[in-house]
Amino acid sequence: MALALQTFATVKDANAALKAHGTRYLGGGTLVVRAANEGDVSVSGLIRSTDPALSAIAVSGGAVRIGASVTMAAIARHPDLGVLAKAARAVGGPAIRNMATIGGNLFAPAPYGDFAVALLALDAMVGTDDGELPIETFLAGRDETRAIVTSVAFTLPKADNFRFLKVSRVKPKGVSVLSIAAVLEQAADGTVSSARIALGCMADQPMRAKAAEKALLGKSLDQDGIAAALAVATEGIAPITDPIASAWYRAEVLPVHLGRLLLN
């Protein structure tokens, strides 16, 4: 089946075209084109926008805004975004990273969407033509949204405060068994003063490990200090089962890999 492709100069016009039945937005194409090639008959037309703001990266002080069409490869090589390079490189191999966009990654179903896990830990704001909303709010309603994501914005963490880990069976570009991102801030005495931990593959979309975050507050990042967090790491999770790993296996190994991440 042939797919009609329409290109618009503005996101506003592209959004209007998306109201037509069967249309899907085309960013890098790593999700929607594959779905069409695999016979997804719900896709009858593709919409794209050439708005230059979608491909912009702005870093001012600690504030970062990344256009939704920016690729993983562009993030990985940006001189001011080195903190996020590991998370960007966790998305597929070089060919995929040259196409996969930050906006598309927000919609990627588990076990994909590793960069979205990092954005959740960063407490990013997701921008559309209608304004911005917290990433947790966006993820909760992403399957129903038809609005085009235009950007993500967040405060760039210090290199020592951001941690990311992807666990896969095939290195370096295998599909995730799980992924974990964390932003941890420590007080002068070395104890954790703030913690945001995000998990991938522990639900059908990235989720926060809120019980583990709470258990880390006031604790040192050593074996004894993280023990309580590891004990509650699986609270609230609903891991996926797929050909890569079962839900049981993912739940079993989560505390192990979270411990490795926290101990760095």
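In this report, the structure presented in the accompanying data block is examined. (Residues numbered from 1 in each chain as written. Predicted model: local features only at pLDDT ≥ 70, side-chain atom pairs only at ≥ 80, totals over all residues. Heavy atoms only, no water.)

Our next topic: the sheet that holds strand β2 (residues 23-25). In space, the three strands of this open sheet follow the order β1-β3-β2, with parallel pairing throughout. The open sheet is flanked by β1 (4-8) and β2, the only strands paired with a single partner. Within the sheet, the average angular offset between the axes of one strand and its neighbour, ignoring direction, is 25 degrees. Bridge count between β2 and strand β3 (residues 45-49): three bridges; the pairing is parallel. Each residue of the ladder has a partner; that of Tyr-25, found in β3, is Ile-47. (Pairing = 2+ DSSP bridges. Helix = DSSP H or I, 4+ residues; strand = E, 2+ residues; numbered from the N terminus. Axes fitted to C-alpha atoms, helices over the stretch in contact; angles between N-to-C directions.)

Time to look at the packing of aromatic side chains. Throughout the structure, instances matching the rule amount to one aromatic pair. The interplanar angle of 85 degrees and the centroid separation of 5.4 Å between the aromatic rings of Phe-107 and Phe-138 together place this pair among those described as edge-to-face. Placement of the pair is Phe-107 in helix α6 (residues 102-107) and Phe-138 in helix α8 (residues 135-141), with a sequence separation of 31 residues. In this structure, Arg-169 is placed above the aromatic ring of Tyr-249, and the distance from its NZ or CZ to the ring centre is 5.0 Å. (Phe/Tyr/Trp six-rings, centres within 6.5 Å; stacked < 30°, edge-to-face > 60°. Lys NZ or Arg CZ within 6 Å of the ring centre and 35° of its normal.)

On to the pairing of strand β9 (residues 162-168), then. Taking burial as the measure, the seven residues of β9 include six buried ones, the bulk of the element. With seven bridges joining them, β9 and strand β10 (residues 176-186) adopt antiparallel strand pairing. What sits directly across from Phe-162, in β10, is Val-183. (Buried < 20%, exposed > 50% of the residue type's maximum accessible area, 1.4 Å probe, protein only.)

Taking 1.5 Å per residue as the helical rise, helix α11 (residues 247-263) with its 17 residues ought to reach 24 Å, and the 25 Å between its terminal C-alpha atoms agrees with that figure. Its axis deflected by about 35 degrees at Leu-254, α11 carries its strongest bend there, up to four residues before the proline Pro-255. Every buried residue of α11 is accounted for by Arg-250, Val-253, Leu-254, His-257, Leu-258, Gly-259, Leu-261 and Leu-262. Those residues of α11 that are buried lie in contact with β9, β10, β11 (192-200), α9 (210-216) and α10 (223-231). Two residues or fewer past α11, Asn-264 is found with a positive phi of approximately 55 degrees. (Expected span 1.5 Å × (residues − 1). Bend = angle between axes of the 7 residues up to and from the residue. Contact = heavy atoms within 4.5 Å.)

Counting through the fold element by element, Asn-161 comes out in the loop between β8 (149-155) and β9. Among the residues examined, Asn-161 registers a relative accessible area of 16% and is labelled buried.

If you walk across this open sheet you meet the five strands as β4-β5-β8-β6-β7, and the pairing is antiparallel. The open sheet has two edge strands with one neighbour each: β4 (57-60) and β7 (131-134). Neighbour-to-neighbour, the strand axes of the sheet open up by a mean angle of 20 degrees, direction not taken into account. Pairing geometry for β4 and strand β5 (residues 63-67), over four bridges, is antiparallel. The residue bridging Val-59 from the neighbouring strand is Val-64, located in β5.

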